[in-house]
Amino acid sequence: MTRRILLVNGPNLNLLGTREPEVYGTATLADVVALTVATARDEGYELRAVQSNHEGVLIDAIHDARADCAGIVINPGGLTHTSVALRDALTGVDLPFAEVHISDVYAREEFRHHSYLHDVAAVRVIGEGVEGYATAVRQLVALIP
């Protein structure tokens, strides 16, 4: 069995640490990746991370995960609310995935309340800050046979 998890971070998450710190905190994307790598390692998994501002790059990474990953942790950023294609990629690879959001999207603008992934995600972690990535890894790993 493959003991690897794919971490996907969508548009604008490369700006973590400087973008709206009152909403997203001061941790950087590098901090998020380091936390997620360490959590995955503690659970006996390797982790491969990808971040892109381009939907197709994220979809390609998800497709590639079929070859060597047991699950996916994804913060789709703004694509959460707009991308049927991202949903189709995640359901198409037939890997369990965790949807993560740093902020509490339900306490923000109404357009952020809708997720194209919510009903197909095995795990959802919302509003726990960057620690939510660690929670997502632990919960996802518990579901992997």
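Residues numbered from 1 in each chain as written. Predicted model: local features only at pLDDT ≥ 70, side-chain atom pairs only at ≥ 80, totals over all residues. Heavy atoms only, no water.

Caption draft 1: Geometry of the sheet that holds strand 3 (residues 71-75). With parallel pairing, the 5 strands of this open sheet are ordered in space as 2-1-3-4-5. Edge positions in the open sheet fall to strand 2 (46-51) and strand 5 (123-126), since each of these has one partner strand only. For this sheet, the mean inter-axis angle between neighbouring strands, taken without regard to orientation, is 15°. In this sheet, strand 4 (residues 97-101) lies alongside strand 3 in parallel orientation, the contact comprising 3 bridges. (Pairing = 2+ DSSP bridges. Helix = DSSP H or I, 4+ residues; strand = E, 2+ residues; numbered from the N terminus. Axes fitted to C-alpha atoms, helices over the stretch in contact; angles between N-to-C directions.)

Caption draft 2: Expanded view of the nonpolar core. Judged by nonpolar contacts, the single largest core of 24 residues is most densely connected at Ile-5, Tyr-45, Val-73, Ile-102 and Tyr-133. Elements with a contribution of two residues or more to this core: strand 1 (4-9), helix 2 (29-42), strand 4, strand 5 and helix 5 (131-143). When residues in this core are grouped by element, the largest group, 5 residues, is from helix 5. Membership of the second largest hydrophobic core comes to 20 residues, among which are Ile-74, Leu-86, Ala-89 and Val-93. (Core = buried A, V, L, I, M, F, W, Y, C linked by side-chain atoms within 4.5 Å. Buried < 20%, exposed > 50% of the residue type's maximum accessible area, 1.4 Å probe, protein only.)

Caption draft 3: Looking closely at the layout of surface pockets. Its volume calculated, the largest pocket comes out at about 180 Å³. Lining the largest pocket are 16 residues; nearest its centre among them are Arg-19, Tyr-24, Gly-77, Gly-78 and Arg-112. Among the residues making up the lining of the largest pocket, the classes are represented as 5 nonpolar, 8 polar and 3 charged. (1 Å grid on protein atoms, 1.4 Å probe; cavity = no way out; pocket = protein on both sides within 12 Å on 5 of 7 lines; lining within 4 Å. Points joined across faces, edges and corners; volume = space filled by probe spheres on them. Nonpolar A, V, L, I, M, F, W, Y, C, P; charged D, E, K, R; others polar.)

Caption draft 4: Just the packing of helix 2 against helix 5, in detail. Relative orientation of the contacting elements helix 2 and helix 5 amounts to 25°, with a least axis distance of 9 Å. Relative to helix 5, the element helix 2 lies roughly parallel. When you trace helix 2 past helix 5, the crossing you get is right-handed. For the pair helix 2 and helix 5, the contacting residues are Val-32, Leu-35, Thr-36, Thr-39 and Ala-40 in the first and Glu-131, Tyr-133, Ala-134, Val-137 and Arg-138 in the second. Across the contact of helix 2 with helix 5, the residue classes break down as 6 nonpolar, 2 polar and 2 charged. (Parallel < 35°, antiparallel > 145°, perpendicular 65-115°, else oblique. Left-handed = near helix turned anticlockwise from the far one by under 90°. Contact = heavy atoms within 4.5 Å.)

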